[in-house]
Amino acid sequence: MAQSAPVPLTPAVDSTAAFLREGYTFAGRRRLQLGSDIFFLRLAGLPVTCLSGEDAARALAVPGRLVEAVLLPPDAAAVFDTLERLSRGAATDDTPPRTLPGWQPDGRVDIVTAVDAEWLVAMQEWRRRGSVVLFDELPALVGRVVERLRAAGTQVGPSVAATAGLQAAFAALALHQHPSSRLRLQGRSRDYLRYFVQEVCRFYPVSPGVAARVGEAFNWRAHRFNPGAVLFFDLPSSSRDPRSWPNPEVFRPERFNTRDGETLAWLVPEAPEARRAYEAWLGLLEACVRHLVRLHYEVPR
């Protein structure tokens, strides 16, 4: 989209009510209405700069520009609380800073082993109960995996349990809606498993965005970002942006074949700890999908 100075401001004095009403579509709608990948607004009374799109993500990925970046959980109260803490310069509960989605794998516990162990326990319980709702059970299972990892000394931020479990539930939905993907995954293709998990994250974003605080001052699109400024990067509309994703409304895991040059990695800050967290996040979802492809379940109409 063409950009011009000054940066647009949303007409509303405060956008909290609209954010609560519109949910994940809020930022994407404002981006289209204002014709800009960057705009100012107030959320819960706090001044926030909202950004969208791959160019913005790459601008934020330059080392040093952010002192903290937090994947927001799908909970409005938590979103406002995180923005408020960032505005005060206080550390959030996700540690260490700039790690998305709040995970610091240290090699002391294997993610696949943790998922396998909890899945075995869950299957025994599900068989005993006879009927369960996966949309409720998968987040609970992932929550137990997170606790197992924490007990082993792996640092896991609170947003992981809130978002990874929900993402696993959407992976189950994707397997139901796209049986051809289930067949390919049953063939145990390691590459296709990674493509599938990335496409699930792109097609069904479970986080409204990334909240961040500026570290070093920088300029982008004729706007200067000063230290301490609070940013909101819009994940849902960025994940469906046709400028980055051809045919974005089509579920197509093959788009992540490296020959196509498409990847989710540009959403992750350019920092070693963030890259490790990104790999751990995908590894957790892959471990869940390996079990889901062998599970029989029904999705109500």
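Our subject in this report is the structure included herewith. Every value quoted in this text rests on a predicted model; they were computed, and no experiment measured them. (Residues numbered from 1 in each chain as written. Predicted model: local features only at pLDDT ≥ 70, side-chain atom pairs only at ≥ 80, totals over all residues. Heavy atoms only, no water.)

Looking now at the sheet that holds strand β6 (residues 209-214). Reading across from one edge, β1-β2-β9-β6-β3 is the order of the five strands in this open sheet, with mixed pairing throughout. Both edges of this open sheet fall to β1 (38-43) and β3 (66-71), since each of them pairs with a single strand only. For this sheet the average axis-to-axis angle between neighbouring strands, irrespective of direction, equals 30°. With five bridges joining them, β6 and strand β9 (residues 230-234) adopt antiparallel strand pairing. Counterpart to Gly209 in the pairing with β9 is Asp234. Strands β1, β2 (46-51) and β9 of the sheet are contacted by helix α2 (residues 26-34), whose axis makes an angle of about 130° with β1. Helix α4 (residues 76-88) contacts β1, β2, β3, β6 and β9 of the sheet and is inclined by roughly 10° relative to β6. (Pairing = 2+ DSSP bridges. Helix = DSSP H or I, 4+ residues; strand = E, 2+ residues; numbered from the N terminus. Axes fitted to C-alpha atoms, helices over the stretch in contact; angles between N-to-C directions. Contact = heavy atoms within 4.5 Å.)

Under the counting rule described, the total for this entry stands at 23 salt bridges. One salt bridge connects Asp55 with Arg221, and the closest N-O pair in it is separated by 3.0 Å. Residue Asp55 is located in helix α3 (residues 54-60), and its partner Arg221 is located in the loop between β7 (218-220) and β8 (223-225); the two are separated by 166 residues in the primary sequence. Among the residues examined, Arg221 registers a relative accessible area of 25% and is labelled partly exposed. We note a salt bridge from Arg128 to Glu125, for which the minimum N-O separation is 2.6 Å. Of the two residues, Arg128 and Glu125 are both situated in helix α5 (residues 111-129); the distance of three residues between them amounts to about one turn of the helix. In this structure Arg128 comes out as exposed when scored by relative accessible area, which is 61%. (Salt bridge = Lys/Arg side-chain N within 4 Å of Asp/Glu carboxyl O. Buried < 20%, exposed > 50% of the residue type's maximum accessible area, 1.4 Å probe, protein only.)

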